[in-house]
Amino acid sequence: MSKTIPTLLVAIICAAILYPASAQSTRTIAGVFDYDKAKQVVKNINNIRQSQGLRPLKMDASLTEAAMIRAAELAYLREENGLHAAEMSRPNGDSEGMLLEEQCPSLKFADDLGFACTIRPYTEIGPIVKLLNQKDRAGGTYLKSSRQSIGCGAFLSPDGYYSWTVFFTSAAATKTDIPSGQWTVDVAVALKDNERTRVVTRTKSDSDLTPTSFEVTGHFNYDKAMEVMELVNQERCRRGLKPYFLDSTLTELAMIRSAEMKGTETMSHRRPNGGYVDIIKPFFEVLVVNYSPAKGENVAFGQETAEQVMDDWLNSPGHCAAILSKDFTCMGAGEFDGYWTQLFMTPKPGSKLVRVKNSSPHVEEVTVRVTLTRDGEESKVLRRKKAK
């Protein structure tokens, strides 16, 4: 088993999303191009156009690829700047027109080019179409009769947030063979004007997973988890935000996520078989039944106390955005021998939630079996006893 975090590492480490360092002129962001979501957006737009007597737009493959890349840039901007609204400027300062020239050389663009984007964490399609139709949004007038082609990008970050981009043009579509499904990608985001944003690696998500099975023994520290959750709600109240519901199910899952990281000695949003929490469906069966799809996940390694890990998270824009988010209502936290996890979600209407109990002192010695495959997964506690 490779060890990506040496056991003698002293430095404090935490991450809200993986951004491996690369050359100074680029930063690499990992995520997913979700072509199925993109097609759903286009279908909704065309339904509205046809209801008003307009011809449907054809989805162009090169325009869609450009939109996917632009959506990845928006995800990068969100993490770097803590943004949760449309951001028009590209990281390298170039215009969207430059991106289209790079990605769509076969399209004959006219002046009538529309552009719209949002990086709000919507997983349902309706809100996206509604946003695009707002009069004050750039490129939102997709009901123009001159439009012929459309490209849509849906980029899923490891923390569960989607970034969206839609391009409209009067140019006729030249490539209409659009991929299907979800593709795990690494995108090198250009930070300087002499670079171009490009896809470095691309793998079909359902074939990118490596079956794995192992057991890991350690400690679920509910005391530290409760301290983290209480500190989160103190910070939210200080900023005038409603406190999170401290959810027992999410806390148990956060403990297991920390155990998965300890078992591979890897601090990562990727699970041990290579998949992300949001991509492997269902992550845990209870999540699908009781909670909405959108999720947030903060992870960390090496901090000794809840105060230390919270200080690190609050001083990182990406982590802080999840802690102070208005898009989630519930949270859970886990600590397993130095590996920390926060999970944020919103329950579906009618779900019965159980508040985590604050029974101190409460540390359990556990053995967790992790069994992850391509088609299903199970991480469960085999043995547990209260630590002395």
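Rules used throughout
- One numbering rule holds for all chains: residues counted from 1, following each sequence as written.
- For a predicted model such as this one, the threshold for reporting local features is a pLDDT of at least 70, and the threshold for listing and counting side-chain atom pairs is 80 or more; totals across whole chains, interfaces and linings nevertheless cover every residue.
- Only hydrogens and water are removed before side-chain values are computed, so all heavy atoms of the structure are retained for them.
- By definition, pLDDT measures how confident the predictor is in each residue, and it falls between 0 and 100.
- Two residues qualify as a contact provided that any one of their heavy atoms is within 4.5 Å of a heavy atom in the partner residue.
- Working definition: helices are DSSP H or I runs of at least four residues, strands are E runs of at least two. Numbering for both runs from the N terminus.
- The rule is simple: take the accessible area with a 1.4 Å probe, protein chains only, and divide by the maximum for that residue type; under 20% is buried, over 50% is exposed, in between is partly exposed.
- Helix axes are fitted to C-alpha atoms over the stretch in contact, other axes to C-alpha atoms as well, and angles between N-to-C directions run from 0 to 180 degrees.
- Roughly parallel means an angle under 35 degrees; roughly antiparallel means over 145; roughly perpendicular covers 65 to 115; every other angle is labelled oblique.
- Left-handed describes a crossing whose near helix is turned anticlockwise from the far helix through less than a right angle; right-handed describes the clockwise counterpart.
- The residue classification treats Ala, Val, Leu, Ile, Met, Phe, Trp, Tyr, Cys and Pro as nonpolar and Asp, Glu, Lys and Arg as charged. All others, Gly included, are polar.
- Throughout this description, the term salt bridge denotes a Lys or Arg side-chain nitrogen within 4 Å of a carboxyl oxygen of Asp or Glu.
- For this analysis, a polar contact is any N or O atom pair within 3.5 Å, provided that within protein one partner can donate a hydrogen and the other can accept it, and provided that sequence-adjacent residues contribute only side-chain to side-chain pairs.

(A) Representation of the confidence of the model for the protein within the structure. In the predicted model, the protein carries a mean pLDDT of 79, and 74% of its residues have values of at least 70. Below pLDDT 50 for its whole length, residues 17-23 participates in 20 contacts with residues either more than four positions away or in separate chains.

(B) Examining the environment of Leu57 more closely. With respect to the helices, strands and loops of the structure, Leu57 is situated in the loop between helix 1 (35-51) and strand 3 (58-59). Look at Leu57 and you get buried, because its relative accessible area is 4%. Distance in space between the C-alpha atoms of Leu57 and Ile150 is 6.0 Å, their sequence separation being 93 residues. Other than its neighbours up to four places away in sequence, Leu57 contacts Ile45, Asn46, Arg49, Arg147, Gln148, Ser149, Ile150 and Phe168.

(C) Structural detail: the packing of helix 5 (residues 222-238) against helix 6 (residues 248-264). Close contact between helix 5 and helix 6 brings their axes to 12 Å; oriented N to C, the two are set at 120°. Our classification of the angle between helix 5 and helix 6 gives oblique. Judged by the twist between their axes, the crossing of helix 5 over helix 6 is right-handed. Packed against helix 5, whose contacting residues are Tyr222, Ala225 and Met229, the element helix 6 presents Thr251, Glu252 and Met255 at the interface. A per-class count over the contact of helix 5 with helix 6 returns four nonpolar, one polar and one charged.

(D) The arrangement of the pattern of salt bridges in detail. Under the criterion given, the structure shown has 15 salt bridges. For Glu73, the salt bridge identified is with Arg90, shortest N-O distance 2.8 Å. In this pair, Glu73 is assigned in helix 2 (residues 61-81) and Arg90 in the loop between helix 2 and helix 3 (96-103), connecting sequence segments 17 residues apart. Assessed through its relative accessible area of 3%, Arg90 is described here as buried. Note that Arg384 and Glu364 form a salt bridge whose closest N and O atoms lie 2.6 Å from each other. With Arg384 in strand 15 (residues 377-386) and Glu364 in strand 14 (residues 363-372), this pair connects stretches of sequence that are 20 residues apart. Where salt bridges share partners, they join Arg70, Glu73, Arg90 and Glu96 into one cluster.

(E) Up close: the side chain of Thr165. Relative to the helices and strands, Thr165 resides in strand 6 (residues 162-169). Polar side-chain contacts of Thr165 include one of 3.4 Å to the backbone nitrogen of Ala71.

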